[in-house]
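Each chain is listed here by its residues.
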Amino acid sequence: MRGSLRLRPPRHLVSRRAIMWWTAQAALEVAAVLIPLVVGLIVWGGARPWLAGVTAAVAVVGLGYVLVMPRWRFRVHRWETTDDAVYTSTGWISQEWRVAPMSRIQTVDTERGPLQQLFGLATVTVTTASAAGALRLTGLDRALAEDLVEQLTYTTQATPGDAT
Amino acid sequence: MTEAAPREPEWQRLDPRMLAVTPLRQLAGFLPVIAVVLVIGVGQDLRGRLYGLLGVLVVVLAGVLRWLTTRYRITNERVELRSGLLFRSARSIPRDRIRSVDVTAGPVHRLFGLSVCKIGTGEHTEGDESHELTLDAVSATEADHMRQRLLERLAADDPNHSGVSVPSTATELATLNWSWLRFAPLTVSSLVAVGAVAGAFGQLIGEVSDVADLGGVREKLSMAPLWLSVAAFAVLVPVIALVGSVLIFVEAWWGFRLVREPGGTLRIRRGLFTTRSVSLEERRVRGVEVVEPLLLRAGRGARTTAVATGLGGRHGHGRGTLLPPAPRGEAHRVAGAVLTEDFSPTSATLRRHPLVALRRRLVRAVLPVLAGSAVLWLAPVPAWAAWATLGLLPVTVLLALDAYRNLGHALSSRYLVTRHGAGVRDTVALQRSGVIGWTVSQSFFQRRAGLVTVTATTAAGGGAYHVIDVWTADGLAVAEQAVPGLLGPFLQHDVGGAAHTLSSRL
């Protein structure tokens, strides 16, 4: 039976706008590294030939990251809720699948950073009593996230369990 | 007490003996300096003495103020504490949230018959102390009374307490065997001892040299030949480590007793100068952990820790510790006794992990060393540095082999057992009913190798326990068997290579 059992992807994709959000995020991250390098290059460019090489390398890797990561993530990030559990998959190069039973859910929060607000997105965090078991559903459509929180809150209240 | 609420108990002050204890403990901190001043007899001028007197006065006044402004009471519903004059703080813990009552008494406290009582809810929000309440200090009898009262209520309050059989009398699960003293030098406490002595010595030198030059001792020291210093160092460090670790062991574990009390509490009592009593509710125990750090393992020793909810953090600041460093067999026996199992799940035969896991560990051991060596080869440093780096290879490879040998997992009727660790071998037996979720993770290289790491999340202990580098199918099967129905709905069997599922990726 080896190799025959595997996790199926959760049912729902995240919002397509999440690609833009991740791209913006990645662009900001790369810019945070690249801009000081470019400034350094302008200030003492001639004296530091290796700096040009480092800058070019960062630019190439950064561009690749900005282009590839969001699309890859969009294919991986998925979520699903059933009557009994919440199921998510996240990541890109490294991937992670998380399951938390409804009976063990403690809190359901939404969170919207400035970038997410710009793209009309929200992140739903589902925490359990475990310090390491929180599920994060990132890049959901804002309205959908609100509905989801309401539904999860309702379901967890209706499901008996002491959460530990 | 007012007429409106006749049953509300009165606010109580802390024990008045604290008025003496607080200044004395403050003074104890200055003992080394005082000793040095007395021995060398530095002639202080009048102003210095005045400042000293003022300092003592401030400490005493602060103690009086603290005593006057601190009050606590235990009602039927809550434990409340009010303190502070300018910054008033009021803390209140609902009694049904109380998970632990720890009693400690340092030497000065014991001299006055006092104990510090720490009442905790077991919730551990980062940086938030409101889930804990410390009464520093009450009389020892009051502390013991409070401990019993607050914990007994817990056991009585729990109607669905069915998992563990509750004995009617206290049973002793473990006591100290002085032959275990041989493990003391094999623990970190030997390093702690060396560090403490070095620190104290450094501080003393610093303080003393401010006062006087100690009759030119420093000059003599700096004139001694190098080989003498090295030899002295080589002899002194092991001796300090040996003696220090033994002393630390004796102080920490003197009179150690692990007792199962009626009402479903495990109680650990220990300590020579500072006595500690830690109570652990049995219904909060989700498993046990047997830890074998490299040196201790070489000496065939191990430590046993409870995996319990509400201890705060991975090892709950040592509150989960059930046993001093002890022989491996004893560690497993106590682990079993705590779980009320005849045969400890931690000593079960474990399933080995795929050989690919060994390859992963070897790659991780070899590649960084080779890369480091290559960088040094290119860098403007002598060539021997690059060669010397390669000398690390045997060490890292041995650690990799050890890490692979330590990988294993097993599933028994009630426990998920997993073991891992390079150097420090960590064996955890987690109650299957304590698993509150699964995380399956796969790095890029794990995906290529067809492996996964399956993590059981739990409210207890570190919150997550890992089964590292197993075949994807095996790992998922273990998770599904351990908690039937949780992961199952999200699993799929491939039939003839084609996945039968509604949404197939890619």
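About the cut-offs
- Residues numbered from 1 in each chain as written.
- Chains lettered and ligands numbered in written order.
- Predicted model: local features only at pLDDT ≥ 70, side-chain atom pairs only at ≥ 80, totals over all residues.
- Helix = DSSP H or I, 4+ residues; strand = E, 2+ residues; numbered from the N terminus.
- Expected span 1.5 Å × (residues − 1).
- Buried ≥ 20, exposed ≤ 12 C-beta atoms within 10 Å, placed from the backbone.
- Arc of directions from axis to C-beta.
- Contact = placed C-beta atoms within 7 Å.
- Axes fitted to C-alpha atoms, helices over the stretch in contact; angles between N-to-C directions.
- Parallel < 35°, antiparallel > 145°, perpendicular 65-115°, else oblique.
- Nonpolar A, V, L, I, M, F, W, Y, C, P; charged D, E, K, R; others polar.
- Pairing = 2+ DSSP bridges.

Draft legend 1. Highlighting helix H4 (residues 142-158) of chain A. Residue and element names in this part refer to chain A. With 17 residues, H4 ought to run about 24 Å at 1.5 Å a step, and its terminal C-alpha atoms sit 24 Å apart, in line with that. Listing the buried residues of H4 in full gives Ala-145, Leu-148 and Thr-156. On an axial view of H4, the arc spanned by its buried residues comes to 60 degrees, and they lie on one face. In H4, the exposed residues that point more than 90 degrees away from the buried face are Ala-143, Asp-147, Glu-150, Gln-151, Tyr-154, Gln-157 and Ala-158. Elements that come into contact with the buried residues of H4 comprise strand S6 (105-111), strand S7 (121-128) and strand S8 (135-141).

Draft legend 2. Examining the packing of helix H1 (residues 17-43) of chain A against helix H2 (residues 49-76) of chain A more closely. Residues and elements named next belong to chain A. Two elements in contact, H1 and H2, have axes whose closest approach is 8 Å; the angle formed by their N-to-C orientations is 175 degrees. In terms of orientation, H1 lies roughly antiparallel with respect to H2. The residue makeup of the contact of H1 with H2, split by class, is 21 nonpolar, four polar and two charged.

Draft legend 3. Representation of the interface of chain B and chain A within the structure. Contacts between chain B and chain A engage 32 residues on the former and 31 residues on the latter. Of all elements in the fold, only strand S18 (435-442), strand S19 (451-458), strand S20 (464-471), helix H14 (472-482) and strand S21 (491-495) of chain B reach the threshold of two or more residues within the side of chain B that touches chain A. With seven residues, the top contributor of residues to the side of chain B that touches chain A is S18(B). A breakdown of the residues in the side of chain B that touches chain A according to their chemical character gives 15 nonpolar, 15 polar and two charged. Pairing geometry for strand S5 (residues 95-101) of chain A and S18(B), over five bridges, is antiparallel. For Val99(A), the partnering residue across the bridge sits in S18(B) and is Trp438(B).

Draft legend 4. Structural view of the pairing of S18(B). All names here are of chain B. For S18, the tally of buried residues reaches seven of eight residues, placing the bulk of the element in the interior. Of the pairings in the sheet, the one linking S18 to S19 comprises five bridges and is antiparallel in character. Each residue of the ladder has a partner; that of Thr-439, found in S19, is Thr-455.

Draft legend 5. Quick look at the sheet that holds strand S6 (residues 114-120) of chain B. All names here are of chain B. Strand order in the open sheet made by the seven strands is S7-S6-S5-S11-S10-S9-S8, with antiparallel pairing throughout. Strand pairing shows two members of the sheet lacking a second neighbour, strand S7 (132-139) and strand S8 (171-175), which therefore form its edges. Within the sheet, the average angular offset between the axes of one strand and its neighbour, ignoring direction, is 20 degrees. Examined bridge by bridge, strand S5 (residues 100-105) and S6 share five bridges and lie antiparallel to one another. Bridging from a neighbouring strand, Val-101 pairs with Ile-119 of S6. Each of S8, strand S9 (257-261) and strand S10 (265-270) is contacted by helix H9 (residues 328-338), which is oriented at about 160 degrees to S8, the strand it contacts most.

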